[in-house]
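# Chain and residue survey
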Amino acid sequence: MIQLNHDYDKLKPSYLFYRINQKVASLRAEDPHRRLLLLGVGDVTLPLAPAVIAAMHRAVDEQSRKESFQGYMPELGKDFLKQAVADYYSRLGFRPDPEEVFISYGAGDELGSIGDLFASGNRVAVPEPAYPAYVDTNLMDGRTVLSIPGNWDNGFLPMPDENLDADLVYLCSPNNPTGAAYRRSQLQTWVDWANALGAVLIFDAAYEAFIIQPDVPHSIYELPGARECAIEIASLSKTAGFTGTRLGWTVIPKALVREGRSLHAMWVRNRTTRFNGVSYILQRAGEAALSPEGMEQNLLNIKQYRENGRILMQALDRLGVSYTGGVNAPYLWFRCPNGMDSWEFFDFLIDRASIVGTPGEGFGACGEGWFRFSCFGSAEDTAEAAARLGRIQGS
Ligand code: PLP
């Protein structure tokens, strides 16, 4: 008889965004005129850059003509895009071999697939609060997952100690949901720890484009020794508004070797079996997004999200609420007031101000009692939310 994967039984029911969406739908049904301010979602709200739109139109036209029509794409990505990614990294002072870049449909897919490289007996450590995919994909694959709790005292940036016994560690910097970002010396400690133990770091760089402080690395490969221990997963979702368009990449350096085997070579084997390449139109869109003109346009959107962050930080400052994030990341993370738990505060904010945020409990046990605001809302909603937050205190 067929046997299903019973590792799925270890997953928590995924009710965070489902429950938020249900709540929003029921509020809208009750009162279609109520102005709800959505600061909960991590999705972008501004449109794609003009350079990206123009490139997509050109690519669609190419697909309409016999002479320029493109069929299957290479599984690892077109050379022009791998080159564009390598050029993008070169502004950070290094340039990966374009062959080390694997073009993908985004970070989410890659976080799910990369586990194929590692046996189910490996121990996985996840600094939390964390994007839920790190824990869930590893539980699905049958691995043991260990949480390294973040808290106010460690700035939500957990570090390895002598007791940490793990083979794989997921690092997300700048972090979703806390907005905290590791400094160079902290990431160097992680790299040195991984090389000393023979562990592998999976570095999620989804929010690198939001970094403004010079001491915060954009890529793990800025650190000496990272090419020997780290895989980087990157995405244009937040950098260029590609959440609904889909494009990203994964870097696996050829120097990353474990048990005498090249993880790069294993990933080539994996992708050429399990993947049939990213659409030509999207690869041209990605090339345009990473071009100097495209990045200049993307940065205008990021500037708007940053401005949203500034307005929300100001509102929290006025209320005397301490928070992490907002500087190098589009998220603000703060303790719920008056000892409320995350879901109590979620309901309280809706009742008192019609503001929808994200309960921290959904990002790991240590997120209970904490709350996330996203800076990706519209400028109008963000300004209105800041004004309403001020009025809650006054009322
Ligand atoms: N990693 C983190 C930390 C994220 O916050 C997200 C999306 O919100 C993803 C990965 C997934 O990104 P993508 O849209 O590239 O699948």
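Scroll up to find the structure this text is about.
This write-up is about the structure you can find in this document. Since we're looking at a predicted model, the values are computed, not measured. (Residues numbered from 1 in each chain as written. Predicted model: local features only at pLDDT ≥ 70, side-chain atom pairs only at ≥ 80, totals over all residues. Heavy atoms only, no water.)

### Side note on the site of the ligand
Our working rule: We define proximity as follows: a residue is near a molecule or strand when any one of its heavy atoms falls within 4 Å of that partner. Under the rule applied, a polar contact is a pair of N or O atoms within 3.5 Å (in protein, one hydrogen donor and one hydrogen acceptor; residues adjacent in sequence only if both atoms are side-chain atoms). Method for areas: the Shrake-Rupley scheme with a 1.4 Å probe, in which residue coverage is limited to the protein chains shown. Going along the chain from the N terminus, every DSSP run of H or I of four or more residues is numbered as a helix, and every run of E of two or more is numbered as a strand. For this classification, Asp, Glu, Lys and Arg are treated as charged, while Ala, Val, Leu, Ile, Met, Phe, Trp, Tyr, Cys and Pro are nonpolar and the rest, including Gly, are polar.
Contacts to the ligand come from 15 residues, most closely from Ala 107, Asp 204, Tyr 207, Ser 235 and Ser 237. Note that an oxygen atom of the ligand is positioned 2.7 Å from one of the backbone N or O atoms of Ala 107. With the chains in place, 91% of the 400 Å² that the ligand exposes on its own is no longer accessible. Take the shell around the ligand: its biggest share by element is three residues, from helix α4 (residues 107-113). Residue composition of the shell around the ligand, grouped by class: seven nonpolar, five polar and three charged.

### Quick word on the state of the cysteines
For clarity, the threshold we go by: Cysteine sulfurs are considered disulfide-paired once they come within 2.5 Å of each other. For every residue, the accessible area obtained with a 1.4 Å probe (protein chains only) is divided by the maximum for its type, and the residue is called buried under 20%, exposed over 50%, and partly exposed between those limits.
A complete count under the given rule lists zero disulfides for this structure. Take Cys 229: it sits in no disulfide, and the sulfur closest to it among the cysteines is that of Cys 172, at 17 Å. Cys 172 provides the cysteine sulfur closest to Cys 375, a residue in no disulfide bond, and the two sulfurs are 15 Å apart. The class for Cys 375 is buried, based on a relative accessible area of 0%.

### Observations concerning the sheet that holds strand β4 (residues 144-149)
As a reminder of what qualifies: Each pair of strands is called paired provided DSSP finds at least two bridges between the two strands. What counts as an axis is a line fitted to C-alpha atoms, over the stretch in contact for a helix, and the angles between N-to-C directions run from 0 to 180 degrees. When checking whether two residues touch, look at their non-hydrogen atoms; a contact exists if any pair is within 4.5 Å.
What the seven strands build is an open sheet, ordered β2-β8-β7-β6-β5-β3-β4; its pairing is mixed. The sheet is open, and its two edges are formed by β2 (101-104) and β4, each paired on a single side. If you compare each strand with its neighbour and ignore which way they point, the axes differ by 20° on average. When strand β5 (residues 168-172) meets strand β6 (residues 200-204), the two strands line up parallel, connected through five bridges. By the bridge assignment for β6, Val 169 is matched with Leu 201. Across the sheet, helix α3 (residues 79-90) lies against β2, β7 (230-235) and β8 (248-251), angled at about 115° from β2, the strand it touches most.

### Digging into the side chain of Ser 235
As for its placement among the helices and strands, Ser 235 is situated in strand β7. For Ser 235, a relative accessible area of 6% gives the class buried. Of note is the side chain of Ser 235, whose polar atom sits 2.9 Å from the backbone nitrogen of Ser 237. Excluding residues that lie within four positions of it along the chain, Ser 235 makes contacts with Ala 107, Ala 206, Leu 247 and Gly 248.

### Things to note about the packing of aromatic side chains
Under the convention used in this document: Planes of paired rings set the category: under 30 degrees apart is stacked, over 60 is edge-to-face and the rest tilted, where pairs are Phe, Tyr or Trp rings (Trp by its six-membered ring) whose centres lie within 6.5 Å. Ring-over charges, as used throughout, are those where CZ of Arg or NZ of Lys falls within 6 Å of the ring centre and within 35 degrees of the ring normal.
Taken as a whole, this structure holds 26 aromatic pairs when the rule is applied. Residues Tyr 207 and Phe 210 carry aromatic rings whose centres are separated by 6.4 Å and whose planes lie at 55° to one another, so their mutual orientation is tilted. A relative accessible area of 2% means that Phe 210 is categorised as buried. Here the aromatic cluster, defined as three or more aromatic residues joined through ring pairs, consists of Tyr 88, Tyr 89, Phe 94, Tyr 221 and Trp 249. Taking the ring centre of Tyr 88 as reference, the NZ or CZ of Arg 91 above it sits at 4.0 Å. Over the face of the ring belonging to Phe 80 we find Arg 284, whose NZ or CZ atom lies 3.7 Å from the ring centre.

### Things to note about the pairing of β4
Bridge count for strand β3 (residues 123-128) against β4 is six bridges, and the pairing is parallel. If you follow Arg 123 over to β4, its bridge partner there is Thr 144.

### Some details on the nonpolar core
Note the cut-off: Note on terminology: a nonpolar core comprises buried Ala, Val, Leu, Ile, Met, Phe, Trp, Tyr and Cys residues joined through side-chain atoms within 4.5 Å.
Grouped together as the largest cluster of nonpolar side chains are 99 residues, with contacts concentrated most on Leu 201, Trp 249 and Phe 373. When residues of this core are assigned to their parent elements, the largest contribution, eight residues, is made by helix α9 (residues 292-319). Beyond its immediate stretch of four places on either side in the chain, Phe 373 contacts Leu 39, Leu 312, Leu 316, Pro 330, Tyr 331, Leu 332, Phe 334, Leu 349, Ile 355, Gly 357 and Leu 389. In this structure, Leu 76, Val 135, Tyr 170 and Ile 252 belong to the second largest nonpolar core, which totals 25 residues.

### Here we look at the pairing of strand β15 (residues 370-374)
The buried count for β15 comes to five of five residues, which makes it a mostly enclosed element. Relative to β15, strand β12 (residues 331-335) runs antiparallel, the two being bridged by five bridges. Bridge assignment links Tyr 331 to a residue of β15, and that residue is Ser 374. With two bridges connecting them, strand β14 (residues 358-359) and β15 associate as antiparallel partners. Note on β15: the bridge partner recorded for Pro 359 is Phe 371.

### Observations concerning the sheet that holds β15
Spatially, β11-β12-β15-β14 is the arrangement adopted by the four strands of the open sheet, whose pairing is antiparallel. On the outer flanks of this sheet lie β11 (323-325) and β14, each paired with one strand and no other. In the packing of α9 onto the sheet, the strands contacted are β11, β12 and β15, and the crossing angle to β12 comes to about 15°.

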